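In case you want the letters, here they are:
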Amino acid sequence: MNNKFHIIPAIDIIGGKCVRLTKGDYNNMTLYNEHPLEVALMFEDAGITKLHLVDLDGAKAKKIINYKVLETLATKTHLQIDFGGGIQSDEDINIAFECGAQQITGGSVAVKNKDLFSSWLSKYSAEKIILGADVISHKIAIHGWQNTSDIDLDDFISEYLKIGIKYTISTDVSKDGMLTGPSFEMYSDMKQKFPSLCIIASGGVSNIEDVIKLSELNIYGVVIGKALYEGKIKIGDISSINKYL
């Protein structure tokens, strides 16, 4: 098994509050906590070190909106925050890093403005920039999954590997929020095709067994959202999970 497998909780933000969508549908939203800091502190108290923070308002607006939430979580916890959603300009990425993000995830900008995204890789390094490669029927989805491009997942990753990308977070949108299990075959295929890539799975995790099975694919880690909020995986169980990995 992969001894460096990372379990990364997600906090998705709309209107400054912690929410979850189903399949990226903004009309199918569940509010979990009005105070994201409370959630982040619970994660930290459970021994978690990494956090995937998503500005869903930003993803829709195509610019950062909830940077104050990022700043609060970064200053009041020790979590290593990967921030995404709406980062499509130099101004956006500067705000994200100034507000305390350790890494940023760029998806739509990597599709729409390859030169800009590539310049961020050069300026900030591949350790700081994560490629968002979310898919609907194996085609890259953008703008908070509101639109689907005609770009194939494999072609997209291949292109960015050539210019030095190291990390990618990839969600099968059809699985997101469904608690029906991740796209194991997709991640296995990605790992076989791109063995040097640090692949972070996202979407569909429903129980501890899913997490362990993903770790056996020798990928970098997994983002968990709804399974935690719905109690399918207990926050306190994550340290126990790590013993099996």
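Here the structure is shown first, and the text comes after it.
Just so you know, these numbers come straight off a predicted model, no measurement behind them.

Topic: the overall build of the protein
Secondary structure assignment for the protein yields 11 helices and 13 strands. For 245 residues, the compact-globule formula gives about 18 Å, and the C-alpha radius of gyration of the protein, at 16 Å, lands near that figure. Taking the principal axes of its C-alpha atoms as reference, the protein extends roughly 40 × 40 × 35 Å. Out of the 245 residues belonging to the protein, those deemed buried represent 55%. For the protein, long-range pairs separated by at least 24 residues make up 66% of all intrachain contacts whose partners lie at least 6 apart in sequence. Carbon and sulfur atoms form 46% of the exposed surface of the protein, whose accessible area is close to 10600 Å². Seen as two clouds, the 25 positive and the 31 negative side-chain charges of the protein have centres 1 Å apart.

Quick look at the nonpolar core
Ranked by size, the top nonpolar core spans 64 residues in total, and within it I11, F117 and W120 carry the most contacts. Tallying contributions element by element places helix 6 (residues 114-124) first for this core, with five residues. With nine residues, the next largest nonpolar core counts Y167, C198, I200 and Y220 among its residues.

Concerning the packing of helix 1 (residues 36-45) against helix 3 (residues 67-76)
Direction vectors running N to C along helix 1 and helix 3 enclose 35°, while the axes themselves pass 10 Å from each other. Where helix 1 crosses over helix 3, the handedness of that crossing is right-handed. Of the residues in helix 3, those in contact with P36, L37, A40 and L41 of helix 1 are V69, T72, L73 and K76. Residues that form the contact of helix 1 with helix 3 fall into these classes: six nonpolar, one polar and one charged.

Regarding the layout of surface pockets
Where empty space is left can be seen by rolling a probe of water-molecule size over the atoms. Of the pockets and cavities examined, the largest pocket occupies roughly 210 Å³. Secondary structure elements with two or more residues in the lining of the largest pocket: strand 4 (50-55), strand 5 (80-84) and strand 11 (167-171). Along the lines of polarity and charge, the residues of the lining of the largest pocket split into nine nonpolar, four polar and four charged.

Here we look at the pattern of salt bridges
Enumeration according to the criterion identifies seven salt bridges in this entry. Here K114 and E159 are joined by a salt bridge, their closest N and O atoms 2.6 Å apart. Placement of K114 in helix 6 and of E159 in helix 7 (residues 153-161) is noted, with a sequence separation of 45 residues between them. By relative accessible area, which is 31% here, K114 ends up partly exposed. Given a relative accessible area of 35%, E159 falls into the partly exposed group. Overlapping salt bridges bring together D154, D189 and K193 as one network.

With respect to the state of the cysteines
One pass over the structure, following the stated rule, counts zero disulfides. Of all cysteine sulfurs, the one in C99 lies closest to C18, which takes part in no disulfide; the gap is 19 Å.

A closer look at the packing of aromatic side chains
Overall, the coordinates contain seven aromatic pairs when judged by the stated rule. Arranged with centres 5.0 Å apart and planes meeting at 25°, the rings of Y32 and Y229 form a pair that is stacked. Note that Y32 is positioned in strand 3 (residues 25-33) and Y229 in helix 10 (residues 226-229), a separation of 197 residues in sequence. Y32 sits in the partly exposed class, given a relative accessible area of 23%. Between F43 and Y229, the ring centres sit 6.5 Å apart and the planes meet at 65°, which makes this aromatic pair edge-to-face. On the criterion of sequence distance, the pair formed by F43 in helix 1 and Y229 in helix 10 is long-range, its members being 186 residues apart. One exposure class covers both F43 and Y229, and it is buried.

So, the environment of G225
Structurally, G225 can be placed in the loop between strand 13 (221-224) and helix 10. Considered as a pair, G225 and S188 are 37 residues apart in the sequence and their alpha carbons are 21 Å apart. Discounting chain neighbours no more than four positions away, the residues touching G225 are A10 and R20.

Side note on the pairing of strand 13
Of the two faces of strand 13, both are covered, the one formed by G221 and V223 as well as the one formed by V222 and I224. Relative to strand 13, strand 1 (residues 6-14) runs parallel, the two being bridged by four bridges. Its bridge partner being in strand 13, I7 is matched across the sheet by V222. In the sheet, strand 12 (residues 198-202) pairs with strand 13 via three bridges, with the strands oriented parallel. Paired with I200 across the strands is G221, a residue of strand 13.

Conventions adopted
Residues numbered from 1 in each chain as written. Predicted model: local features only at pLDDT ≥ 70, side-chain atom pairs only at ≥ 80, totals over all residues. Heavy atoms only, no water. Helix = DSSP H or I, 4+ residues; strand = E, 2+ residues; numbered from the N terminus. Rg over C-alpha atoms; globule rule 2.2 N^0.38 Å. Buried < 20%, exposed > 50% of the residue type's maximum accessible area, 1.4 Å probe, protein only. Contact = heavy atoms within 4.5 Å. Areas by Shrake-Rupley, 256 points an atom, 1.4 Å probe, with all protein chains shown as cover. Lys, Arg positive; Asp, Glu negative; His and termini not counted. Charge placed at Lys NZ, Arg CZ, Asp CG, Glu CD. Core = buried A, V, L, I, M, F, W, Y, C linked by side-chain atoms within 4.5 Å. Axes fitted to C-alpha atoms, helices over the stretch in contact; angles between N-to-C directions. Left-handed = near helix turned anticlockwise from the far one by under 90°. Nonpolar A, V, L, I, M, F, W, Y, C, P; charged D, E, K, R; others polar. 1 Å grid on protein atoms, 1.4 Å probe; cavity = no way out; pocket = protein on both sides within 12 Å on 5 of 7 lines; lining within 4 Å. Points joined across faces, edges and corners; volume = space filled by probe spheres on them. Salt bridge = Lys/Arg side-chain N within 4 Å of Asp/Glu carboxyl O. Disulfide = S-S within 2.5 Å. Phe/Tyr/Trp six-rings, centres within 6.5 Å; stacked < 30°, edge-to-face > 60°. Pairing = 2+ DSSP bridges.

The quantities given are spatial measurements derived from coordinates; they are silent on function.
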